[in-house]
Amino acid sequence: MTRLRKTVYVVVAVITAYIFLNLGITLLSTAAQTQIHPVLLPWLALVLFAAYALASVGWAIYATNDRPEACKAPAKDIAAVRELRQRGVEVDSRVVNVFEEPGIA
């Protein structure tokens, strides 16, 4: 099952549950339906979405494998800037400032 399909299933389930609660199909008391439910559920949904988003980002950062070619790419860019300078090509000042920081060689 793809990630999109799982996401669609969860969204449909949450929307269906919210609609059932709004229509009064569930066996909630009238106080819960009129006072607690309209205020609490949207905030609860927002908090749960934020927690899910932070957990997803955290897991993606944790599970990302370091790749050696990603470490070599900036070194190639630095070498390319130096080669262009030797050939007399002006390099954008923003690029120059990035590659001339102390410690980058």
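Residues numbered from 1 in each chain as written. Predicted model: local features only at pLDDT ≥ 70, side-chain atom pairs only at ≥ 80, totals over all residues. Heavy atoms only, no water.

1. Here we look at the environment of Thr34
For step 1, the next point in the chain: Within the fold, Thr34 resides in helix H2 (residues 30-63).
For step 2, the next point in the chain: The exposure class assigned to Thr34 is exposed, which follows from its relative accessible area of 56%.
For step 3, the next point in the chain: Spatially, the C-alpha atom of Thr34 lies 9.4 Å from that of Asn22, the residues being 12 residues apart in sequence. (Helix = DSSP H or I, 4+ residues; strand = E, 2+ residues; numbered from the N terminus. Buried < 20%, exposed > 50% of the residue type's maximum accessible area, 1.4 Å probe, protein only.)

2. Thoughts on the confidence of the model for the protein
For step 1, the next point in the chain: Counting all residues, the mean pLDDT for the protein is 76, and 74% of those residues have values of 70 or more.
For step 2, the next point in the chain: Looking across the protein, the model is least confident in helix H4 (residues 93-99), with a mean pLDDT of 55, and most confident in helix H1 (residues 3-23), with 83. (pLDDT = per-residue confidence, 0-100.)

3. Details of the pattern of salt bridges
For step 1, the next point in the chain: Under the definition given, this model contains 1 salt bridge.
For step 2, the next point in the chain: In this structure, Glu83 engages Arg87 in a salt bridge whose closest nitrogen and oxygen atoms are separated by 2.9 Å.
For step 3, the next point in the chain: On the basis of relative accessible area, Glu83 is assigned to the partly exposed category, the value being 39%.
For step 4, the next point in the chain: For Arg87, a relative accessible area of 63% translates into the label exposed. (Salt bridge = Lys/Arg side-chain N within 4 Å of Asp/Glu carboxyl O.)

4. Comments concerning a nonpolar patch on the surface
For step 1, the next point in the chain: On the surface, a cluster of nonpolar side chains totalling about 570 Å² of accessible area is made up of Val11, Ile15, Ile19, Phe20, Leu23 and Ile25.
For step 2, the next point in the chain: Residue Ile15 is classed as partly exposed on the basis of its relative accessible area, which comes to 47%. (Patch = residues over 30% accessible without salt bridge, like charges linked within 9 Å, V, L, I, M, F, W, Y side chains within 5 Å. Areas by Shrake-Rupley, 256 points an atom, 1.4 Å probe, with all protein chains shown as cover.)

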